[in-house]
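# Summary of structural features
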There are 2 protein chains.
Amino acid sequence: MAESAADGPETDDGRPHLAAMTVPLGRALIAAELPVLRAHGLSMWAYAVLLALGEEPMRSQSTLAQAIGADKTRIIGVLDGLQDRGLIERRPDPRDRRVRLLLLTTEGRRLRDAARADIRRWEDRLLARLADDDREAFLRGLRTLSALSEQEIADPDRPS
Amino acid sequence: MAESAADGPETDDGRPHLAAMTVPLGRALIAAELPVLRAHGLSMWAYAVLLALGEEPMRSQSTLAQAIGADKTRIIGVLDGLQDRGLIERRPDPRDRRVRLLLLTTEGRRLRDAARADIRRWEDRLLARLADDDREAFLRGLRTLSALSEQEIADPDRPS
DNA sequence: CCGGATGATATGCATATGCTTATCATCTGT
DNA sequence: ACAGATGATAAGCATATGCATATCATCCGG
């Protein structure tokens, strides 16, 4: 898929395919985020975990894995690292001792907020490249499309 | 990264990170395109090659690889397959026999146009999910951001 | 009480990709 | 004439990921 689609392969009316623009953009956004996260001592998956944990304990590692789009067998080590650093806490659920309850610690919340603020600052500067009117509409469009399930994307005419 | 970011990890104002929306969306767009391309007997890389070849012969496989964001050692087999099927033609450049000139054949152009039309139809149905005003602005925004280099994305304040 | 299922964890296979090294043919500048 | 560089190609290593299988502790419905 083209690295920069705007002057790359296009369709009839000169607009590149959606995937041809979205995939390399996603890759570049990740590449830009990584050093910011690394400055906070976080991997992408570790940050995804911290972002996913809210004010209430999250019930089960399977739920967390699903929420962040990770394989549950692969987040074991990420959770181990975060727990070892005192950024999250894992507790057995007293109602079902197979299940782990996951919570942010104060330190984890502090680190998540700091990283998130830095990412947002960079995003605001990037989005400043768009015209004011376009920016809000672009974000609405992006939210709408990214909220669709894979099925809705594959077959857009079906009602949600 | 969250599969669906709209109800996933968010930033302070409730908006997910750009990457958290863009990366899974890109993945879902690819997943939706694959069966369409497969119906035309094309892989994603093969289609990217056909899209990249224009009316003029493309001079050099290195240039092509760069244009589609592929490693030049990895497109050898893709080009072999397309050539074997009579979809592209490879000719030594008479000015420099190391270099290959790459052209679409009539059959290749026909197949590219058919696949592209099908992808566009699906895209139009998907984009119909957006409000009319948002759709154009979303596409403008997406084109603007995807046209930026990795450097411009990483450091958005630098002039382009 | 017990069989089946589930959550967590460990291990491993297959695939895709980024990148490197090497070879051969060819070109270019000195 | 020749050294160095380049385009095309082959081969291979390292990493990441998707997915599967297996084990143990635990739970639940019959």
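Residues numbered from 1 in each chain as written. Chains lettered and ligands numbered in written order. Predicted model: local features only at pLDDT ≥ 70, side-chain atom pairs only at ≥ 80, totals over all residues. Heavy atoms only, no water.

A few words on the overall build of chain A. Regarding its fold elements, chain A presents seven helices and three strands. Secondary structure elements of chain A occur, N-terminal to C-terminal, as α-α-β-α-α-β-β-α-α-α. Counting every position in chain A, which comprises 160 residues, the buried fraction comes to 51%. Nonlocal contacts in chain A, meaning residues at least 24 apart in sequence, comprise 45% of its contacts between residues at least 6 apart. For chain A, the exposed area adds up to about 7900 Å²; of that, 48% sits on carbon and sulfur atoms. The averaged location of the 27 negative side-chain charges in chain A is 9 Å from the averaged location of its 25 positive side-chain charges. (Helix = DSSP H or I, 4+ residues; strand = E, 2+ residues; numbered from the N terminus. Buried < 20%, exposed > 50% of the residue type's maximum accessible area, 1.4 Å probe, protein only. Contact = heavy atoms within 4.5 Å. Areas by Shrake-Rupley, 256 points an atom, 1.4 Å probe, with all protein chains shown as cover. Lys, Arg positive; Asp, Glu negative; His and termini not counted. Charge placed at Lys NZ, Arg CZ, Asp CG, Glu CD.)

Residues and elements named next belong to chain A. Across the interface, helix H2 (residues 44-52) lies against helix H5 (residues 106-127) with an axial gap of 10 Å and an inter-helix angle of 110°. The angle between H2 and H5 falls in the class roughly perpendicular. Here Tyr47, Leu50 and Leu51 of H2 lie close against H5, whose contacting residues are Gly108, Arg112, Ala115, Arg116 and Ile119. Looking at the contact of H2 with H5, its residues break down into five nonpolar, one polar and two charged. (Axes fitted to C-alpha atoms, helices over the stretch in contact; angles between N-to-C directions. Parallel < 35°, antiparallel > 145°, perpendicular 65-115°, else oblique. Nonpolar A, V, L, I, M, F, W, Y, C, P; charged D, E, K, R; others polar.)

All names here are of chain B. Pairing within the open sheet is antiparallel, and its three strands lie in the order S1-S3-S2. Looking along the sheet, the strands with just one partner apiece sit at the ends: strand S1 (58-59) and strand S2 (88-93). When S1 meets strand S3 (residues 96-104), the two strands line up antiparallel, connected through two bridges. What sits directly across from Met58, in S3, is Leu102. (Pairing = 2+ DSSP bridges.)

Our focus in this paragraph is the side chain of Asp96 of chain B. You can see Asp96 of chain B is positioned in strand S3. A distance of 2.8 Å separates polar atoms of two side chains, one belonging to Asp96 of chain B and the other to Arg98 of chain B. (Polar contact = N/O pair within 3.5 Å; in protein donor to acceptor, adjacent residues only side chain to side chain.)

In total, this model carries one aromatic pair over all chains according to the counting rule given. Note on Phe138 of chain A and Phe138 of chain B: the rings are 5.5 Å apart at their centroids and 15° apart in plane angle, and the pair reads as stacked. Of this pair, Phe138 of chain A sits in helix H6 (residues 132-146) while Phe138 of chain B sits in helix H6 (residues 132-147), placing the two residues on different chains. (Phe/Tyr/Trp six-rings, centres within 6.5 Å; stacked < 30°, edge-to-face > 60°.)

Looking at DNA strand D, there are 17 residues lining it, with Arg74 and Asp96 of chain A together with Gln61, Ser62 and Arg98 of chain B nearest. Taking the atoms of DNA strand D that fall within 4 Å of the protein, sugar and phosphate contribute 58% of them. The contact in question runs from a phosphate oxygen of DNA strand D to an N or O atom on the backbone of Arg97 of chain A, over 3.0 Å. Between DNA strand D and Arg74 of chain B, the relevant distance is 3.5 Å, taken from a base oxygen to a side-chain nitrogen or oxygen of the residue. For the surface near DNA strand D, the secondary structure elements donating two or more residues are strand S3 (96-104) of chain A together with helix H3 (61-68) and S3 of chain B. Here the surface near DNA strand D is composed, by residue class, of three nonpolar, five polar and nine charged. (Near = heavy atom within 4 Å.)

Right, let's talk about the interface of chain B and chain A for a bit. Interfaces are often sized by the amount of accessible area the parts lose when they come together. Listed as interface residues are 70 residues of chain B and, on the opposing side, 71 residues of chain A. Taking both sides of the interface into account, the surface hidden between chain B and chain A amounts to around 6900 Å²; carbon and sulfur atoms contribute 63%. The tally of links between chain B and chain A comes to eight salt bridges. Counting the contacts that link chain B with chain A gives 18 residue pairs in polar contact (both at pLDDT 80 or more). Counting residues per element, the ones that place at least two in the side of chain B that touches chain A are helix H1 (18-39), helix H2 (44-52), H3, helix H5 (106-127), H6 and helix H7 (150-154) of chain B. Take the side of chain B that touches chain A: its biggest share by element is 13 residues, from H1 of chain B. Taken together, the residues of the side of chain B that touches chain A break down into 39 nonpolar, 11 polar and 20 charged. (Buried area = accessible area lost by both parts, 1.4 Å probe. Salt bridge = Lys/Arg side-chain N within 4 Å of Asp/Glu carboxyl O.)

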